[in-house]
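Residue-level structure breakdown
What follows is each chain in one-letter form.
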Amino acid sequence: MTETPDFKPEFSRRVDIRQAEGKPAHVEADEAERRSLSERFGLVRIDRLTADLQLERKDRKVEARGRVTADYVQACAVSAEDIAVSLDEPVFFRFVPEAGDHTPDEEIELDSDDCDEIEYSGTHIDLGEAVAQSLALAIDPFLTGPEADKARKAAGIGTPEDSGPFAALKGLGLKE
């Protein structure tokens, strides 16, 4: 992710790549940062967001490996009830110098190794924004809670199984 001039990350922890060799990094969002991130990601609230990472530098590339942990509250996609979610997962980020050889709207080919790469410019990487993006990718946009079926029935909506691609087969009474 290359920062655009008008984008200001809510949770920024910049690290100078020249000081990243073999360095452990602990990043933790404070209350104001968590509040801003919850608005950005459409969450009820974020109670905790931390990451413990080990940084390794190879020339101008920096790899960060570790774990992201978070506790947040998300609204059920059907009933809007609050659902508490805990996240604890491994992460891997590779920060690479900005390529500069493509225009913003140009299509570029990526191989599987490129998908882990985050471009940066200058001499600093932003671990906070990388952690925030990792949280965003982990959020289930279709999370449902225990009251989802009740809310579907009250609204006259069937379950996903009733309207999915195999719903017509359900009524055939086929035995396994």
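Everything that follows concerns the structure shown earlier in this document.
Residues numbered from 1 in each chain as written. Predicted model: local features only at pLDDT ≥ 70, side-chain atom pairs only at ≥ 80, totals over all residues. Heavy atoms only, no water.

Quick look at the packing of aromatic side chains
- Evaluated as defined, the whole model comprises 1 aromatic pair.
- Arranged with centres 6.2 Å apart and planes meeting at 55 degrees, the rings of Phe 93 and Phe 95 form a pair that is tilted. This pair shows no difference in class: Phe 93 is buried, exactly as Phe 95 is. (Phe/Tyr/Trp six-rings, centres within 6.5 Å; stacked < 30°, edge-to-face > 60°. Buried < 20%, exposed > 50% of the residue type's maximum accessible area, 1.4 Å probe, protein only.)

A few points about the sheet that holds strand 5 (residues 82-97)
- If you walk across this open sheet you meet the 5 strands as 2-3-4-5-6, and the pairing is mixed. Either end of the sheet is taken by a strand with one partner, and the two such strands are strand 2 (23-28) and strand 6 (117-120). Here the strands of the sheet are splayed against their neighbours by 25 degrees on average, with no regard to which way each runs.
- Alignment of strand 2 against strand 3 (residues 45-58), held across 6 bridges, turns out to be antiparallel. Across the sheet, the residue bridging to Lys 23 is Leu 55, located in strand 3.
- Sheet contacts for helix 1 (residues 31-41): strand 2 and strand 3; angle to strand 3, the most-contacted strand, approximately 100 degrees. (Pairing = 2+ DSSP bridges. Helix = DSSP H or I, 4+ residues; strand = E, 2+ residues; numbered from the N terminus. Axes fitted to C-alpha atoms, helices over the stretch in contact; angles between N-to-C directions. Contact = heavy atoms within 4.5 Å.)

Observations concerning the side chain of Ser 134
- Looking at the secondary structure, you find Ser 134 in helix 2 (residues 127-138).
- Residues within four places of Ser 134 in sequence aside, it is in contact with Val 68, Glu 89, Val 91 and Phe 93.

Some words on the pattern of salt bridges
- Taken as a whole, this structure holds 12 salt bridges when the rule is applied.
- With a closest N to O distance of 2.9 Å, Asp 47 and Arg 45 form a salt bridge.
- Of the residues examined, Arg 45 reaches a relative accessible area of 40% and is grouped as partly exposed.
- Between Glu 63 and Lys 58 there is a salt bridge; the shortest N-O distance is 3.9 Å.
- Through salt bridges with shared partners, a single ionic network connects Lys 58, Glu 63, Arg 65, Arg 94 and Glu 117. (Salt bridge = Lys/Arg side-chain N within 4 Å of Asp/Glu carboxyl O.)

Focus: the packing of helix 1 against helix 2
- Relative orientation of the contacting elements helix 1 and helix 2 amounts to 45 degrees, with a least axis distance of 11 Å. By the criterion of interaxial angle, the relationship of helix 1 to helix 2 is oblique. Here helix 1 runs over helix 2; the crossing is right-handed. Residues Leu 37, Arg 40 and Phe 41 of helix 1 lie in contact with helix 2, whose contacting residues are Glu 129, Ala 132, Gln 133, Leu 135 and Ala 136.
- Residues of the contact of helix 1 with helix 2, tallied by class, amount to 5 nonpolar, 1 polar and 2 charged. (Parallel < 35°, antiparallel > 145°, perpendicular 65-115°, else oblique. Left-handed = near helix turned anticlockwise from the far one by under 90°. Nonpolar A, V, L, I, M, F, W, Y, C, P; charged D, E, K, R; others polar.)

Thoughts on the environment of Leu 135
- Checked against the element boundaries, Leu 135 lands in helix 2.
- When its relative accessible area of 0% is taken as the criterion, Leu 135 is described as buried.
- Remark: the alpha-carbon pair of Leu 135 and Thr 69, spanning 66 residues in sequence, is separated by 8.7 Å.
- Residue contacts for Leu 135: discarding those within four places in its chain leaves Phe 41, Ile 46, Leu 49, Ala 70, Tyr 72 and Leu 87.

Observations concerning the nonpolar core
- With 38 residues, the main nonpolar core has Leu 49, Tyr 72, Phe 93, Phe 95, Leu 127, Val 131 and Leu 135 as its most contacted residues.
- When contributions to this core are tallied by element, the ones reaching two or more residues are strand 2, helix 1, strand 3, strand 4 (61-75), strand 5, strand 6 and helix 2.
- Top element by residues in this core is strand 5. It accounts for 6 residues.
- Look past the residues within four positions of Val 131 in its chain and what remains in contact with it is Phe 11, Val 27, Leu 49, Ala 51, Leu 53, Val 68 and Phe 93. (Core = buried A, V, L, I, M, F, W, Y, C linked by side-chain atoms within 4.5 Å.)

Here's the deal with the pairing of strand 6
- Going residue by residue along strand 6, you find Ile 118 and Tyr 120 tucked away on one face and Glu 117 and Glu 119 left uncovered on the opposite face.
- In this structure, strand 5 lies alongside strand 6, joined through 4 bridges in parallel fashion. Paired with Val 96 across the bridge in strand 6 is Glu 119.

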